[in-house]
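Residue strings, one per chain:
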Amino acid sequence: QVFREELMRITFRREKCGLIASPTLCSGSCFWDSATSSCTLKTLEALLAVIDEDCPLRVVLGMQSACKELSNCDEVRADGLQECVASSSGCQANPATLELDLLQHSGLLTFQLKDLIIKAMTTCEALSDCAQSPDFCTKDLPLPSSAPAPRWGVFFILSGFV
């Protein structure tokens, strides 16, 4: 009963994908399964439908999924940060930008902290040799005294940070 509406929405979206008979038309929330020659709902889409809006996993999975869809990893967001970075398997979420978004999502990001993080990211990204980076590129930034105490969520627990 708790997820009844969400599960009904997933069923509807899954059925909608199932009606698509062509691999060229199967896109967006759907993907073409060549083994069964059918269009089906992406597993991540179903998972996101039941994850609560305030869950940090929504931020992590959403950004990672959006980056995987890109062919150009160099796009810059409105705030000047690069959301995705290139890896051997394609585009993936930029860890520094993801960290910033998680802090914002959790209510821990102050204007001062955001400014410090963006300055550090900009400086460190401009370095040609990461091994000789200044100390501020490798040390954790101090939490400003005006920031609320950390609230450990599912993301930190699942990641083994706590």
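Refer to the structure presented above.
Quick look at the structure, then.

Conventions we followed
- All residue numbers here refer to positions counted from 1 along the written sequence of the relevant chain.
- With the structure being a predicted model, the display of local features is reserved for residues of pLDDT at least 70 and the display and counting of side-chain atom pairs for 80 or more, all residues being used for whole-chain, interface and lining totals.
- Only hydrogens and water are set aside; all other atoms, that is, all heavy atoms of the structure, feed into the side-chain values.
- A helix here means a DSSP run of H or I that spans at least four residues, while a strand means a run of E at least two residues long, and both kinds are numbered starting from the N terminus.
- The rule is simple: take the accessible area with a 1.4 Å probe, protein chains only, and divide by the maximum for that residue type; under 20% is buried, over 50% is exposed, in between is partly exposed.
- In this description, contact between two residues means that some pair of their heavy atoms is separated by no more than 4.5 Å.
- We place a 1 Å grid over just the protein atoms. Points where a 1.4 Å probe fits but has no way out form a cavity, open points with protein on both sides within 12 Å along at least 5 of 7 lines form a pocket, and any residue with an atom within 4 Å of a point lines it.
- Grid points are joined across faces, edges and corners, and a volume is the space filled by probe spheres set on the points.
- Under the scheme applied here, ten amino acids are nonpolar (Ala, Val, Leu, Ile, Met, Phe, Trp, Tyr, Cys and Pro), four are charged (Asp, Glu, Lys and Arg), and all others, including Gly, are polar.
- Any carboxyl oxygen of Asp or Glu within 4 Å of a side-chain nitrogen of Lys or Arg constitutes a salt bridge here.

Some remarks on the overall build of the chain
Along the backbone of the chain there are 7 helices and 4 strands. N-terminal to C-terminal, the α/β element order of the chain is α-β-β-α-α-β-β-α-α-α-α. Counting across all 162 residues of the chain, residues that qualify as buried make up 28%. Of all intrachain contacts in the chain linking residues separated by at least 6 positions in sequence, the fraction that spans at least 24 positions is 40%.

A short note on the layout of surface pockets
There is about 150 Å³ of room inside the second largest pocket. Lining the second largest pocket we find Phe3, Glu6, Arg9, Leu48, Ala49, Val50, Ile51, Asp52, Glu53 and Arg58. If you list the elements that add at least two residues to the lining of the second largest pocket, you get α1 (4–18) and α2 (43–50). At 3 residues, α2 tops the list of elements feeding residues into the lining of the second largest pocket. The residue inventory of the lining of the second largest pocket, partitioned by class, reads 5 nonpolar, no polar and 5 charged.

A word on the side chain of Lys42
Within the secondary structure, Lys42 sits in the loop between β2 (38–41) and α2. Lys42 gets classed as buried once you look at its relative accessible area, which sits at 18%.

Notes on the pattern of salt bridges
Counted by the stated rule, this structure contains 5 salt bridges. Between Arg13 and Glu45 there is a salt bridge, and its shortest N-O distance comes to 3.0 Å. One end of the pair, Arg13, is in helix α1; the other, Glu45, is in helix α2, with 32 residues separating them in the sequence. A residue is classified by how much of its surface remains accessible, and Arg13, at 26% relative accessible area, is partly exposed. The network of salt bridges with common partners includes Arg77, Asp79 and Asp101.

Remarks on unusual backbone geometry
Its identity is not glycine, yet Ser37 carries a phi of approximately 50°, on the positive side. Looking at the secondary structure, you find Ser37 in the loop between β1 (30–33) and β2.

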